[in-house]
Amino acid sequence: MKGGALVLAAGSSRRFGSDKRCYLLDGEPLLAHCLRAATEAELTVRVCCAPGETSLMQSLAPMPCEAIECNESDRGMGATLAQGIAACADWDALLVVLGDMAWVRPATYRTMFSALASAEIAQPCTGGRPGQPVGFRASFYPELMQLHADTGGRELLQKYRDVLVSVEVGDPGIHRDLDRPPTANSVQ
């Protein structure tokens with residue numbers, strides 16, 4: 001099955017206060033952690049970036065991934081996802097990966113992509129609690145390409161809950177993202 005990981009990394013990081021993709025986590029940019037986990041899972045990786053981010057795209061060049069310039073990223077995550085999906089029309093299935101979820105394990109990416117061989121939509125869970133990344137088969141691309149503003153794929157998960165497969169992965173990283181800079185008292 002042809003496909004891979006579509007990483008959403010075109011946001012403005014308003015809540016974070018600076019470019020969180022470049023926030024150093026254990027001495028390495030946050031986004032690099034996410035990309036490495038997906039590439040270590042031996043997935044093809046395409047990354048959604050905002051227009052004019054040539055420096056970010058160049059920094060991705062050493063990694064085995066392709067940058068997708070999303071010229072409507074300022075309209076929100078839904079618009080970015082729609083453009084990213086359109087750029088993946090040659091894939092049979094994909095995982096939608098949020099670029100600030102640096103703690104997802106490579107094994108989780110492998111498990112989730114493998115689940116798409118028999119599932120139409122797959123969502124990881126740990127202890128019964130759903131998380132990210134969510135996987136979609138190509139039959140859902142047309143609806144995903146209709147997304148706009150800050151509406152992500154959550155509505156589709158609700159609409160198609162009868163075909164959604166929950167996959168227990170035992171990975172707490174599926175629930176962990178970075179929306180605000182850590183404080184001195186916060187736990188990493």
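What comes next is a walk through the structure. (Residues numbered from 1 in each chain as written. Predicted model: local features only at pLDDT ≥ 70, side-chain atom pairs only at ≥ 80, totals over all residues. Heavy atoms only, no water.)

Moving on: helix 3 (residues 77–86). Across the ten residues that make up helix 3, a large majority, seven, are buried. Against the buried residues of helix 3 lie strand 1 (3–8), strand 4 (44–49), strand 5 (65–69), strand 6 (93–98) and helix 5 (141–144). (Buried < 20%, exposed > 50% of the residue type's maximum accessible area, 1.4 Å probe, protein only. Helix = DSSP H or I, 4+ residues; strand = E, 2+ residues; numbered from the N terminus. Contact = heavy atoms within 4.5 Å.)

Judged by nonpolar contacts, the single largest core of 31 residues is most densely connected at Val7, Leu35, Val45, Val47, Leu95 and Tyr109. Elements supplying a minimum of two residues to this core: strand 1, helix 1 (30–40), strand 4, strand 6 and helix 4 (106–115). With five residues, the top contributor of residues to this core is helix 1. Ranked by size, the runner-up nonpolar core spans 21 residues in total, among them Leu8, Leu147, Leu157 and Tyr160. (Core = buried A, V, L, I, M, F, W, Y, C linked by side-chain atoms within 4.5 Å.)

A few words now on the packing of aromatic side chains. Summed over all chains, the structure comprises two aromatic pairs. Pairing Phe140 with Tyr160 gives two aromatic rings, centres 4.9 Å apart and planes at 75°, and the pair type is edge-to-face. Taken as a pair, Phe140 in the loop between strand 9 (134–137) and helix 5 and Tyr160 in the loop between helix 6 (154–159) and strand 10 (164–168) lie far apart in primary sequence, 20 residues in all. Put simply, the rings of Phe136, Phe140 and Tyr160 pair up and form one aromatic cluster. The aromatic ring of Trp103 is capped on one face by Arg176, whose charged end is 4.0 Å from the ring centroid. (Phe/Tyr/Trp six-rings, centres within 6.5 Å; stacked < 30°, edge-to-face > 60°. Lys NZ or Arg CZ within 6 Å of the ring centre and 35° of its normal.)

This next bit is on the pattern of salt bridges. For the structure on display, the rule yields eight salt bridges. With a shortest N-O distance of 3.3 Å, Lys2 and Asp90 are connected by a salt bridge. With Lys2 in the segment before strand 1 and Asp90 in the loop between helix 3 and strand 6, this pair connects stretches of sequence that are 88 residues apart. Take Asp90: its relative accessible area is 38%, and that puts it in the partly exposed class. Put simply, Glu66 and Arg46 hold a salt bridge, and the shortest N to O gap is 3.3 Å. You can see Glu66 sitting in strand 5 and its partner Arg46 sitting in strand 4, a full 20 residues away along the chain. The class of Arg46 is buried, set by a relative accessible area of 9%. A single salt-bridge network, built from bridges that share partners, covers Lys2, Arg46, Glu66 and Asp90. (Salt bridge = Lys/Arg side-chain N within 4 Å of Asp/Glu carboxyl O.)

Topologically, Val167 is positioned in strand 10. We classify Val167 as buried; its relative accessible area is 13%. If we ignore the near neighbours within four places in the chain, the residues touching Val167 are Thr111, Met112, Ala115, Ala122, Gln123, Pro124 and Cys125.

Before going further, it helps to examine unusual backbone geometry. Cis geometry is adopted by the peptide bond preceding Pro133, which originates at Gln132 and carries an omega value of 10°. As for its placement among the helices and strands, Pro133 is situated in the loop between strand 8 (129–130) and strand 9. Positive phi outside glycine occurs at Glu42, with the angle close to 65°. Note on placement: Glu42 falls in the loop between helix 1 and strand 4.

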